[in-house]
Amino acid sequence: MRIPLLVAALLLCLYSAFVTYGPRPRDVRLQSGDQQNRHVIETFMRDPARPSVVLVGSSMTERLGETIGAGCAYNLALGGESALTGLAVLAKAGATPKQIFIEMNVPERGVNARLVEDGTRALPRWIPALATRNMPVNLLFSALARFKSPAPRGADTAVLGQALDVQRDVYARPIPAPDLAANIATLKAQVQRLEGAGSRVIFFELPIHPSLEGTARAMQIRAAFVAAFPSHRLLTADQLATAATISTIDGVHLTLDEAASVGRRLQDWYGGACEAPALPTATTSHSITRALGHG
Amino acid sequence: MNYTDPIFFVFFALTFALYYTLRNGRLQVALLVLASLFFYAWEAPAILGVFLCSWLITGLSSHGVLVARDPRRARWLATLGVAANLGLLAFFKYKFLFLPAAPAVTAHSAHTLGEWLLLAPLPIGISFYTFHGISLLVDVYRGNTAIARDAARPTAHYLTDTLLYLAFFPQLIAGPIIKARDFMPQVSAKRFADIDFAACFRLLVLGFFLKSVIADNLSSQTIWIAYPYFQWRSSIDLWLMLLGYSAQIFADFAGYSLIAIGLARLLGYRLPDNFNFPYFATSIADFWRRWHISLSSWLRDYLYIPLGGSQKGPTRTYVNLLIVMLLGGLWHGAAWSFAVWGLWHGAGLALERRWLGSRFMRTSQRGVVGLRMLLVFAFVSIGWLFFKLQEFSQALLYLRAMVVNPASGVSTGMALLVLLYASAVALYHLASLLRARISALAKEVSYGVMLFLIVTSAGPSTPFIYFQF
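Because the structure is predicted, anything quoted here is derived from the model rather than measured.

Engineer: Let's hear about the interface of chain B and chain A: which residues, and what values?
Structural biologist: In many analyses, interface size is given as the accessible surface area lost on bringing the parts together. With 42 residues of chain B in contact, the opposing surface of chain A contributes 43 residues. Note on chain B versus chain A: buried area summed over both sides is about 3500 Å², and carbon and sulfur give 70% of it. For the interface between chain B and chain A, the tally reads 1 salt bridge. Measuring nitrogen to oxygen at the nearest pair gives 3.0 Å for the salt bridge that ties B:Asp5 to A:Arg114. The tally of links between chain B and chain A comes to 5 residue pairs in polar contact (both at pLDDT 80 or more).

Structure representation (structure tokens):
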């Protein structure tokens, strides 16, 4: 038992030295959506007081990634989660940015406490070898895989239509009222806390496929936010859409070009909040593929 | 409570410390029972009632069998106990087949006991503790000498031991299924000095490595085996993902089993081995002697042999194999795909049986043995598809897409990661062949490397696959 423990400790010391001083791949590839989320949170936690604008949301907002990161804003959107998890991270960090943009699209998802716990651990800040991006497999993977995560190729329109059908099925059913009420109540508490600390909160609704716009779920979500936050600014999908036709990959996730356009529109609303220099983004190429099924 | 949750470590450390400060065997049993019930109730306290009902039925009826002087009364009580256990399992597991997909009320908002029973979720571990209950009843009825000693003991002690057998937390949720005749004689006072820490350490490191590093990281790649997303992938991707899932399910379940065995040994109990390098199997029958050994031996002892086994002619043997594997499949869940998975293996076992005497199956020529291994692995891997995609039509669609799919190319990243993690599973199997040749120092160093990888490279913490059963 003594030898394995010594070997593990020695390897940890050597690896820590390597990630601190050794050569590193320029572009680190992460393995999964979960790792991407943890990396986004860990990057934020390194200096939570720095961003003037923070966006929280699901994979729908995550797709705005690079556009948003080019300014003073930090995109704390998490694939497979909702704005509530991002807000829980803000609360745990004690951060109060000047402006917080909250995605309205998937309020049925609650707080992922495990992710918040994992992502905000202090150890990765003290021991870089334990940071998600520095996992040995990620460095090996990055060194070996000098490629872009491929977007789906050759999937025919029938298959794309099936993905949209899945979303139509989801959007045809309203969110169970108790679940929505509970999450809106949590959101209200978070918003009150942030506003009490001096932050300005703005809600935004990302555009979705036109056939989903008038569905039971979409209407229910809009109505719930209007009722719960009557005096707040709510940016609607119409305000953020740049053209009459919205391009999505599956009905809810914008194509990269569309996401870039919507992201630019969103930046117009930052106002004078951006005074700090540009921030690094936590986006990796992985976020493109994961959005197809995970976010 | 998941074995990989930090809270579990706190729970186990406290239980372990208190357990060995108690010198009295009865107090140790009482503590383990309380800890096990706390562990069980952690996620869903309401479901504890179902578990306690199962224990009362099993404990009282098996005690009745134990002390009965009239064989007819013993038989009647044993039958009643087994039927009640099966009824409980059938009700909670298969009621969802007959309920509307999205009921208007949930178990939380149920007003009456009847409503609650109908809407309550599947009690965790019910498949396992009902099988334990049946094992106890049958072993007692058969007059197993290891348990017969219990007839002379106070009823309260017997019932507490029975509760420990059913609730023992290292194996409560997902086994390994230990037969009553193997567990009950182990219930006695345990001493700290008797713990083989080195063996426990090795079991736990290997278990956590397989689960946290291999299975959890693979789960991020196999997540795409989901409808309709797999249709966006090329046929090669689909084959690779299936390979990944074969490695994942092994690492997940074998990892869990090793952790359970290691934890039990720390508490002074020995649980049976559950895996013996199953992907080295050279026939389907061999696979089932190596995979989920505790379930397959339970099915053999309590179902296949009572049905007549292979003693009643070839046709009856084939029918018995199909019945046992069909029920074994349905034991996993209330979905037709589990039935198909069971029948897939049952049909494989029956068909293979005809050829077991052939030269191809009997030769020890390396190339042929390797080919048999590959064929069995491919057969088993295709079977996993029915396990993963619980909608039968989707599994068929996946199979078709493995042959023809409009999408083309290979997702290099996914391929690289699947091959990397699957190769660790292959290496684990290969190491078993070289066990005798590997020096003690090399083995120790390899445990150190695994420990380092557990600390630095654990994947997203996902529930054990078998926790859903």
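Engineer: Quick rundown of the sheet that holds strand β1 (residues 53-56) of chain A? Include the residues and the values.
Structural biologist: Residue and element names in this part refer to chain A. With parallel pairing, 5 strands are arranged side by side in an open sheet as β2-β1-β3-β4-β5. The sheet terminates laterally at β2 (73-75) and β5 (233-235), the two strands that pair on one side only. Across this sheet, the average inter-strand angle for adjacent strands is 20°, counted without regard to direction. Here β1 runs beside strand β3 (residues 99-103); their pairing, made up of 4 bridges, is parallel. Counterpart to Val54 in the pairing with β3 is Ile100.

Engineer: Account for the domain arrangement of chain B, naming residues and giving values.
Structural biologist: All names here are of chain B. The domain architecture assigned to chain B consists of domain 1 (6-194) and domain 2 (197-283 + 356-468). The gap between the C-alpha centroids of domain 1 and domain 2 is 30 Å. Taken together, the 27 residues of domain 1 in the interface contact 19 residues of domain 2. Together domain 1 and domain 2 conceal approximately 1900 Å² of surface at their shared face, both sides included; 73% is due to carbon and sulfur atoms. A per-residue breakdown of the area domain 1 buries against domain 2 is headed by Pro170, Ala174 and Pro176, which together make up 26% of the total. Applying the counting criterion to the domain 1 and domain 2 interface returns 0 salt bridges. Counting every contact that joins domain 1 to domain 2 gives 6 residue pairs in polar contact (both at pLDDT 80 or more). Of all elements in the fold, only α1 (6-21) and α9 (169-172) reach the threshold of two or more residues within the side of domain 1 that touches domain 2. Among the residues forming the side of domain 1 that touches domain 2, the class breakdown is 22 nonpolar, 4 polar and 1 charged.

Engineer: So what's going on with the packing of aromatic side chains? Which residues, and what values?
Structural biologist: Residue and element names in this part refer to chain B. Evaluation of the coordinates by the stated rule reveals 67 aromatic pairs over all chains. Relative to Phe169, the ring of Phe11 lies with its centre 5.0 Å away and its plane at 70°, an arrangement referred to as edge-to-face. You can see Phe11 sitting in helix α1 and its partner Phe169 sitting in helix α9, a full 158 residues away along the chain. For Phe169, a relative accessible area of 0% puts it in the buried group. Here Trp384 and Phe387 contribute two aromatic rings whose centre-to-centre distance is 5.3 Å and whose plane-to-plane angle is 80°, an arrangement assigned as edge-to-face. Of this pair, Trp384 and Phe387 both sit in helix α18 (residues 366-388), 3 residues apart, which is roughly one turn of that helix.

Engineer: Just give me the short version of the pattern of salt bridges, but keep the residues and values in it.
Structural biologist: Two side chains carrying opposite charge are able to pair once their charged atoms lie near each other. Residue and element names in this part refer to chain A. For the coordinates displayed, the defined rule picks out 21 salt bridges over all chains. For Glu205, the salt bridge goes to Arg222, with nearest N and O atoms at 2.6 Å. Of the two residues, Glu205 sits in the loop between β4 (200-204) and α11 (210-213) while Arg222 sits in helix α12 (residues 216-228), which places them 17 residues apart along the sequence. Looking at Glu205, the relative accessible area reads 10%, which means it is buried. Note that Arg222 is salt-bridged to Glu213, the shortest N-O span being 2.7 Å. Residue Glu213 is classed as partly exposed on the basis of its relative accessible area, which comes to 23%.

Engineer: Break down the layout of surface pockets for me, with residues and values.
Structural biologist: Which parts of space are left empty comes out when a probe the size of a water molecule is rolled across the atoms. The space that makes up the second largest pocket amounts to roughly 1400 Å³. Forming the walls of the second largest pocket are 41 residues, and the residues nearest its centre are B:Leu206, B:Tyr428, B:Ala431, B:Tyr447 and B:Met450. Those elements that place two or more of their residues in the lining of the second largest pocket are α8 (136-144) of chain A together with α11 (197-222), α12 (235-266), α20 (412-433) and α21 (440-457) of chain B. The element best represented in the lining of the second largest pocket is α20(B), accounting for 9 residues. Of the residues in the lining of the second largest pocket, the class split is 29 nonpolar, 6 polar and 6 charged.

Engineer: Could you give an account of α8(A), with specific residues and numbers?
Structural biologist: Here α8(A) has its buried residues at A:Pro136, A:Val137, A:Asn138, A:Leu139, A:Phe141 and A:Ser142. Tucked into the core, α8(A) has its buried residues touching α1 (2-21) and α2 (33-46) of chain A together with α20 and α21 of chain B.

Engineer: Requested: an account of the packing of helix α10 (residues 177-196) of chain A against α12(A), with residues and values cited.
Structural biologist: Residues and elements named next belong to chain A. Close contact between α10 and α12 brings their axes to 11 Å; oriented N to C, the two are set at 40°. With respect to their mutual orientation, α10 and α12 come out oblique. α12 is crossed by α10, and the crossing has right-handed handedness. Residues Leu180, Ile184, Leu187 and Lys188 of α10 touch α12, and the partners they reach there are Gln220, Ala224, Phe225 and Ala228.

Engineer: Tell me about the pairing of β3(A), and name the residues and values.
Structural biologist: Residues and elements named next belong to chain A. Along β3, 5 of the 5 residues are buried, which leaves the element largely enclosed by surrounding structure. By the bridge criterion, 5 bridges tie β3 to β4 in an arrangement that is parallel. Each residue of the ladder has a partner; that of Glu103, found in β4, is Phe204.

Engineer: Help me get a handle on the pairing of β1(A), residues and values and all.
Structural biologist: All names here are of chain A. Both faces of β1 are covered, namely the face carrying Val53 and Leu55 and the face carrying Val54 and Val56. Here β1 pairs with β2 via 3 bridges, running parallel. Across the sheet, Leu55 pairs through a bridge with Asn75, a residue of β2.

Engineer: Tell me about the confidence of the model for chain A, residues and numbers included.
Structural biologist: Residues and elements named next belong to chain A. When the pLDDT values of chain A are averaged, the result is 83; 84% of them are 70 or greater. Per-element mean pLDDT across chain A ranges from 37 in helix α15 (residues 286-290) up to 94 in helix α5 (residues 83-93). Low confidence marks residues 283-295, where pLDDT is under 50. Its contacts with residues over four positions away, or in another chain, come to 50 contacts.

Cut-offs and rules
- Residues numbered from 1 in each chain as written.
- Chains lettered and ligands numbered in written order.
- Predicted model: local features only at pLDDT ≥ 70, side-chain atom pairs only at ≥ 80, totals over all residues.
- Heavy atoms only, no water.
- Contact = heavy atoms within 4.5 Å.
- Buried area = accessible area lost by both parts, 1.4 Å probe.
- Salt bridge = Lys/Arg side-chain N within 4 Å of Asp/Glu carboxyl O.
- Polar contact = N/O pair within 3.5 Å; in protein donor to acceptor, adjacent residues only side chain to side chain.
- Pairing = 2+ DSSP bridges.
- Helix = DSSP H or I, 4+ residues; strand = E, 2+ residues; numbered from the N terminus.
- Axes fitted to C-alpha atoms, helices over the stretch in contact; angles between N-to-C directions.
- Domains from an automatic or database assignment.
- Nonpolar A, V, L, I, M, F, W, Y, C, P; charged D, E, K, R; others polar.
- Phe/Tyr/Trp six-rings, centres within 6.5 Å; stacked < 30°, edge-to-face > 60°.
- Buried < 20%, exposed > 50% of the residue type's maximum accessible area, 1.4 Å probe, protein only.
- 1 Å grid on protein atoms, 1.4 Å probe; cavity = no way out; pocket = protein on both sides within 12 Å on 5 of 7 lines; lining within 4 Å.
- Points joined across faces, edges and corners; volume = space filled by probe spheres on them.
- Parallel < 35°, antiparallel > 145°, perpendicular 65-115°, else oblique.
- Left-handed = near helix turned anticlockwise from the far one by under 90°.
- pLDDT = per-residue confidence, 0-100.

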